Amino acid sequence: MFKATEDHVKIIGRTHYYKDVLWLALSGGGVEFSFYGKKAEITLKGDAIALTGNNLARIGISVNGKRVIDDQMDQPLKSYTVFESDTEQEITVTVIKLSEAAMSTVGIQEIAVDAADGIKPTPPKLHTVEFIGDSITCGYGVDDEHELHSFSTATEDVTKTYAFLAAQQLQADYSMVSYSGYGIITGYTENDQKLTTHLLPDYYEKVGKSEGRFDDTLLPQELPWDFNKFIPDLIVINLGTNDDSYTKEDTGKQAEYAKAYVEFLKMVRSNNPKTPILCTLGIMGDRLYPYVEQAVKDYTRETGDSNISAMKFDVQLEADGYAADFHPSQATHRKAAKQLTDQIRALLRINVF
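Thresholds applied
- Residues numbered from 1 in each chain as written.
- Predicted model: local features only at pLDDT ≥ 70, side-chain atom pairs only at ≥ 80, totals over all residues.
- Heavy atoms only, no water.
- Salt bridge = Lys/Arg side-chain N within 4 Å of Asp/Glu carboxyl O.
- Helix = DSSP H or I, 4+ residues; strand = E, 2+ residues; numbered from the N terminus.
- Buried < 20%, exposed > 50% of the residue type's maximum accessible area, 1.4 Å probe, protein only.
- Axes fitted to C-alpha atoms, helices over the stretch in contact; angles between N-to-C directions.
- Parallel < 35°, antiparallel > 145°, perpendicular 65-115°, else oblique.
- Left-handed = near helix turned anticlockwise from the far one by under 90°.
- Contact = heavy atoms within 4.5 Å.
- Nonpolar A, V, L, I, M, F, W, Y, C, P; charged D, E, K, R; others polar.
- Expected span 1.5 Å × (residues − 1).
- Polar contact = N/O pair within 3.5 Å; in protein donor to acceptor, adjacent residues only side chain to side chain.
- Phe/Tyr/Trp six-rings, centres within 6.5 Å; stacked < 30°, edge-to-face > 60°.
- Lys, Arg positive; Asp, Glu negative; His and termini not counted.
- Pairing = 2+ DSSP bridges.

A. Quick look at the pattern of salt bridges. This model, assessed by the stated rule, comprises 25 salt bridges. Where K19 meets D215, a salt bridge forms, and the shortest distance between an N and an O atom there is 3.6 Å. Placement of the pair is K19 in the loop between β2 (15-18) and β3 (21-24) and D215 in the loop between β11 (172-178) and β12 (234-238), with a sequence separation of 196 residues. Here K19 falls in the exposed class, since its relative accessible area comes to 55%.

Rendered as structure tokens:
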């Protein structure tokens, strides 16, 4: 029997260890480990939301790169036999939280293996990337390619997003800080009023932000994040799609967005002193992109920090289909991943990535 601690597993993304359980909130958070043996069983712990039946945490568990468990946490405890064989084999197990933080959390309580030497963390990948984003980065609706359907954690899958795919292509470990409907000066709004409860900068320095409590006790937004735990080689920011629902064509509001973006860049930089930052926008519309560019220029002029650049994503095409609520389809995510990967390799001269 093993606990999901750093001496036994590779930690993926922002997590929090509390009362012998490793808690996952943000999209893509999880663990990876390997062993030589005959059997592996994983026990997960739910939060109070597991009993509500509404927007439950979705978990994917893969063995040697193939998903063997895809489930939602609808009980206080769930155990899964993820591998079983009559003969000993070399096995790598990956546990990923597929759904986003805001709705629910899940904990890894225990890992049991039939293996003489126990389990060990998989080695780190060549690079590290942090992605900061909104519903696009979360994989909103990516498993429900019907544009008139609405949100559900059951159809979110971060492993099909541009961010996850780009990390794979770059051979990078990742951390994702993403929330559907969040922006820099407002969350998504339909009434021309700011939604100030949904501002990503308010939670960037926290473990997460969720309705679900770790062990039904701790809210992730009450826990400061230790930036020494994950030092990225690159940070990709993809924020503005939700702000655009408020700013629209109003140049005054658009300028307000650019000004607040500069302040957010200062926050990101203060926690990541040497990391290149790439600011992106455009998959679900590029109207605010010129103001992303403006923010990058203003930030550099104000701070003298030129370790930052911008990139406009291609806008999604109707021909590639849409996911729920007109979010990017799997085809769009794949295209965006290639565009981002090419940009990063050019930006960092390939010898880094």
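B. Main features of the packing of helix α4 (residues 251-271) against helix α5 (residues 289-303). The interhelical angle for the contact between α4 and α5, taken along N-to-C directions, is 50°, at an axis separation of 8 Å. One finds that α4 runs oblique with respect to α5. Like other packed secondary-structure pairs, α4 and α5 cross with a definite hand, here right-handed. For the pair α4 and α5, contact is made by T251, Q254, A255, Y257, A258, Y261, V262, E263, L265, K266 and R269 and by Y291, V292, A295, D298, Y299, E302 and T303, respectively. Split into classes, the residues belonging to the contact of α4 with α5 amount to 10 nonpolar, 3 polar and 5 charged.

C. Seen up close, α4. Helix length check: α4, at 21 residues, gives a terminal C-alpha distance of 31 Å against a target of 30 Å (1.5 Å per residue), a fit within 8%. By the burial criterion, the buried members of α4 are K253, Q254, Y257, A258, Y261, V262, F264, L265, V268 and R269. Residues of α4 that are buried in the fold lie against β10 (127-133), β12, α3 (244-247), β13 (277-281), α5 and β14 (308-312). At the N-terminal boundary of α4, the capping side chain belongs to D250, with an oxygen 2.9 Å from the backbone nitrogen of G252.

D. Region of the structure containing the packing of aromatic side chains. As enumerated under the stated definition, the model contains 14 aromatic pairs in all. Here F131 and Y162 contribute two aromatic rings whose centre-to-centre distance is 6.3 Å and whose plane-to-plane angle is 90°, an arrangement assigned as edge-to-face. Placement of the pair is F131 in strand β10 and Y162 in helix α2 (residues 162-169), with a sequence separation of 31 residues. The exposure classification of F131 matches that of Y162, with both residues buried. When the centroid spacing of 5.7 Å and the interplanar angle of 85° are considered together, the rings of Y204 and F264 count as edge-to-face. A residue pair is termed long-range when its members are at least 10 positions apart, and Y204 in the loop between β11 and β12 and F264 in helix α4 qualify at 60 residues.

E. Representation of the side chain of D144 in the model. For D144, the position within the fold is in the loop between α1 (135-138) and α2. For the buried residue D144, which engages in no salt bridge, the nearest side chain bearing the opposite charge is R58, 10 Å off. Not counting chain neighbours up to four residues away, the residues in contact with D144 comprise H149, T155, A323 and A324.

F. Highlighting the pairing of β10. Summarising burial for β10: 7 of the 7 residues are buried, a large majority. Burial along β10 is two-sided: the residues H127, V129, F131 and G133 and T128, E130 and I132 are all buried. Two strands pair when backbone bridges link them, and β10 and β11 are joined in this way by 7 bridges, in the parallel orientation. Note on β11: the bridge partner recorded for V129 is Y174. Sheet analysis places β10 next to β12, joined by 5 bridges and oriented parallel. If you follow E130 over to β12, its bridge partner there is I235.

G. Fine view of the side chain of D243. Mapped onto the secondary structure, D243 falls in the loop between β12 and α3. As a buried residue without a salt bridge, D243 has its nearest oppositely charged side chain in K194, at a separation of 8.4 Å. Here the side chain of D243 touches I185 through a polar contact of 2.7 Å, landing on its backbone nitrogen. Among residues more than four places away in sequence, those in contact with D243 are G183, I184, I185, T186, Y257 and L288.

H. Quick look at the environment of S150. Its place among the elements puts S150 in the loop between α1 and α2. Considering only alpha carbons, one finds S150 and L288, 138 residues apart in sequence, at a separation of 25 Å. When near neighbours in sequence (up to four residues on either side) are disregarded, S150 contacts Y140, A324 and D325.

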